[in-house]
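Chain by chain, the residues run as shown.
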Amino acid sequence: MTVTVHEIGKMPNGEIAEQIVIENKNGHKIGVTNWGATWQFFKTNDNQDLMVGLHTTDKLWEQAYSVGDVIGRVGNRITGAKFTLNGKTYHLKDNELGNALHGGKDNFSNQMWDYTIDQATNSVTFTTTMTEEIDHFPGTMPTSVTYTFSDDDEVSLTFSAESDEDTLFNPTSHGYFNPAGIDTDARDLNLQIHSQRRLELRPEDTTPTGNFLDNANTPFDFNEPTRIGDNLAKLDGPYDVKFDNAFEINQVAGRPAAVVSDPKSGRSIEVYSDRNAIIFFIADPEVAYHEGDREWFDKHPYNAIALEAQTLSDAINHEGFGDIVLPAGKKQTYRTVYKFKNLD
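This one's a predicted model, so the numbers in the text were calculated from it and none came from an experiment.

### Focus on the packing of aromatic side chains
For any two aromatic rings, the description comes down to two numbers: the centre-to-centre distance and the angle of the planes.
Then, number 1: In total, this model carries 25 aromatic pairs according to the counting rule given.
Then, number 2: Relative to Tyr147, the ring of Trp39 has its centre 6.0 Å away and its plane inclined at 75°; by these criteria the two rings are edge-to-face. Separated by 108 residues along the polypeptide, Trp39 in strand E4 (residues 38-43) and Tyr147 in strand E13 (residues 141-149) bring together distant segments of the chain. Across the pair, Tyr147 and Trp39 agree in class, each one buried.
Then, number 3: Where Phe83 meets Tyr90, the ring centres are 5.4 Å apart and the plane angle is 25°; that geometry is what we call stacked.
Then, number 4: Residue Phe83 is classed as buried on the basis of its relative accessible area of 1%.
Then, number 5: Exposure remark for Tyr90: the relative accessible area of 9% places this residue in the buried category.
Then, number 6: Aromatic ring contacts, followed pair by pair, group Trp39, Phe42, Tyr115, Phe126, Tyr147, Phe149, Phe177, Tyr338 and Phe340 into a single cluster.
Then, number 7: Here the guanidinium or amino end of Lys43 rests over the ring plane of Phe41, the centre of that ring lying 4.9 Å away.
Then, number 8: Note that Arg275 overlies the ring of Tyr334, its terminal NZ or CZ placed 3.8 Å from the centroid.

Take a look at the structure:
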């Protein structure tokens, strides 16, 4: 097991981005960077990359699809970029259609994180401190994210935070995966999500209405392994229609919340979570630079999916979605594990 560091380059704000590469005994590698504590790649020992990532400072700075980002303080959308806590209404920095997406404008992914390496555990821990001045959430909140890569080809992400005031904490990871390799069509992957229902979303801005919808006998039914493209073809929408939905997870001890697999190679990625939801999103993130370009889209199909483990979206504004309040002085820790299977 080895951990190495090299410089990526200087960010537009003058800070130096570095990449930390963790290799396990099997010769597989993951790459992460101190800019945003971002997950950049998972490469097999035969150099097959199973994640879409950003590798230059300009892309890391400007990117629109949260590629590989650690997300927070709160994952997904907060409606109207506002919430009420302890009788006070907080107004966040909206960054999408008047809502706060993934923590708003100045979120986890827009920070340079400090880090420490633990060679003994094959891990790297990133740390930063969020303040109300930075992101408009209440409280000063020291935060850490630890990536650990085991010899069993498991990548665990451990998110921890503690605040001096009551605040919100609902982090996640926005890695984009394709067990067939990132140069292949993600519609040919099989997906299983252990979920009976999903959030109903407003079509104009993808925020929750507060209601649930049943998945059975709809394009959103992935309770059994299903070719993604078969269900995608059943969706109504434009030529680049996407899944971008919050699935409520039926948690069973020892069972993954979701599994994405490649029927050709046999490779798969199992997602284990201690949360009540998975956000399933499919895209070629480069489409952000080609919006409305049908010709480009036809030549560059969906090449990866994100499976974001978190508490249900906009939970602070909807009773019964889950508790994302972090009480002052309490340390909260969440853990997501990605088990990569049949790599050799």
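### Observations concerning the pattern of salt bridges
Then, number 1: Counting across every chain of the model gives 13 salt bridges.
Then, number 2: Notably, a salt bridge pairs Arg77 with Glu96, separated by 2.7 Å at the nearest N-O pair. Highlighted residues: Arg77 in strand E7 (residues 77-78) and Glu96 in the loop between strand E9 (88-91) and strand E10 (100-101), separated in sequence by 19 residues.
Then, number 3: By relative accessible area, which is 6% here, Arg77 ends up buried.
Then, number 4: Of the residues examined, Glu96 reaches a relative accessible area of 22% and is grouped as partly exposed.
Then, number 5: The residue Glu154 makes a salt bridge to Lys339 at a minimum N-O spacing of 3.8 Å. On the criterion of sequence distance, the pair formed by Glu154 in strand E14 (residues 154-161) and Lys339 in strand E28 (residues 332-341) is long-range, its members being 185 residues apart.
Then, number 6: Taking relative accessible area as the criterion, Glu154 reaches 24% and is therefore assigned partly exposed.
Then, number 7: One salt-bridge network, held together by shared partners, links Arg77, Glu96 and Asp244.

Reading the values: rules and limits
Residues numbered from 1 in each chain as written. Predicted model: local features only at pLDDT ≥ 70, side-chain atom pairs only at ≥ 80, totals over all residues. Heavy atoms only, no water. Phe/Tyr/Trp six-rings, centres within 6.5 Å; stacked < 30°, edge-to-face > 60°. Helix = DSSP H or I, 4+ residues; strand = E, 2+ residues; numbered from the N terminus. Buried < 20%, exposed > 50% of the residue type's maximum accessible area, 1.4 Å probe, protein only. Lys NZ or Arg CZ within 6 Å of the ring centre and 35° of its normal. Salt bridge = Lys/Arg side-chain N within 4 Å of Asp/Glu carboxyl O.

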